[in-house]
Amino acid sequence: MNKNPFSYYTVRFGDCDLFAHLNNARYIDYFLNAREDHLKEAYNIDLTDYYKQGISWLVGSHQITYLRPAAYNEKVFISSTLIQAGADSLLVEMVMTDEKQSHLKSFLWTKFIAINVQTGRKENHPDGFMEFAKSIVNEEIGHTIGYQKRLQEMTLKIKSSHLNS
């Protein structure tokens, strides 16, 4: 099973600042939209189906670093992967690079909290969902090392792969 789905997006004019760079707030939109696309394409998961079952997820926190600007009309590569599945939360890592994956543009960890749609309160994931989530956790990524250390790893990985190509 693909634990690291990805897609390509073109930076749109309306998403840019006065310098023709992707606006900082829009990076998060691109990441979240990509993750939703990845869930549909890689796992056949439509979040609407879960909402109808009474469960949804809210963003609990974002940790994001902007390393290089994404420019107007540039094609970017976005990957996402589940790095931790807790009883009531999910931790997802998302990475944006240039199209050739030679330069890291932005790095994000988002913690999603499971919410009961009817009560609006935090709730544990259903057993069936947890079974699925555990099957797609990317065990190769050591989330316990922390965000900053993982960001350093990703930066070095991209630099070394670019130098070796």
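Placed above this text is the structure.
Residues numbered from 1 in each chain as written. Predicted model: local features only at pLDDT ≥ 70, side-chain atom pairs only at ≥ 80, totals over all residues. Heavy atoms only, no water.

1. Here we look at the sheet that holds strand S1 (residues 6-10)
Then step 1. Pairing is antiparallel across the open sheet formed by five strands, whose spatial order is S1-S3-S4-S5-S2. A strand with exactly one partner marks an edge of an open sheet, and here the two such strands are S1 and strand S2 (55-66). Sheet twist, expressed as the average angle between the axes of neighbouring strands with direction ignored, equals 25°.
Then step 2. In this structure, S2 lies alongside strand S5 (residues 104-116), joined through 11 bridges in antiparallel fashion. In the sheet register, His 62 faces S5, and the bridge partner there is Thr 110.
Then step 3. Relative to the sheet, helix H1 (residues 24-43) contacts S1, S2, strand S3 (75-85), strand S4 (89-98) and S5, its axis offset from that of S3 by approximately 70°.
Then step 4. Across the face of the sheet, helix H3 (residues 127-136) comes into contact with S2, S3 and S4 while running at roughly 120° to S3. (Pairing = 2+ DSSP bridges. Helix = DSSP H or I, 4+ residues; strand = E, 2+ residues; numbered from the N terminus. Axes fitted to C-alpha atoms, helices over the stretch in contact; angles between N-to-C directions. Contact = heavy atoms within 4.5 Å.)

2. Some thoughts on the side chain of Ser 106
Then step 1. Within the element layout of this structure, Ser 106 appears in strand S5.
Then step 2. For Ser 106, the side chain forms a polar contact with the main-chain oxygen of Thr 65, separated by 3.0 Å.
Then step 3. Discounting residues that sit within four places of it in the chain, Ser 106 has contacts with Tyr 27, Phe 31, Ile 64, Thr 65, Tyr 66, Leu 67, Met 94, Val 95 and Met 96. (Polar contact = N/O pair within 3.5 Å; in protein donor to acceptor, adjacent residues only side chain to side chain.)

3. Looking at H3
Then step 1. All of the buried residues along H3 are Phe 129, Met 130, Ala 133 and Ile 136. Taken around the axis of H3, the buried residues stretch over an arc of 130°, which confines them to a single face. In H3, the exposed positions angled more than 90 degrees off the buried face are occupied by Asp 127, Gly 128, Glu 131 and Lys 134.
Then step 2. Looking at the packing, one finds that the buried side of H3 touches H1, helix H2 (47-52), S2, S3 and S4. (Buried < 20%, exposed > 50% of the residue type's maximum accessible area, 1.4 Å probe, protein only. Arc of directions from axis to C-beta.)

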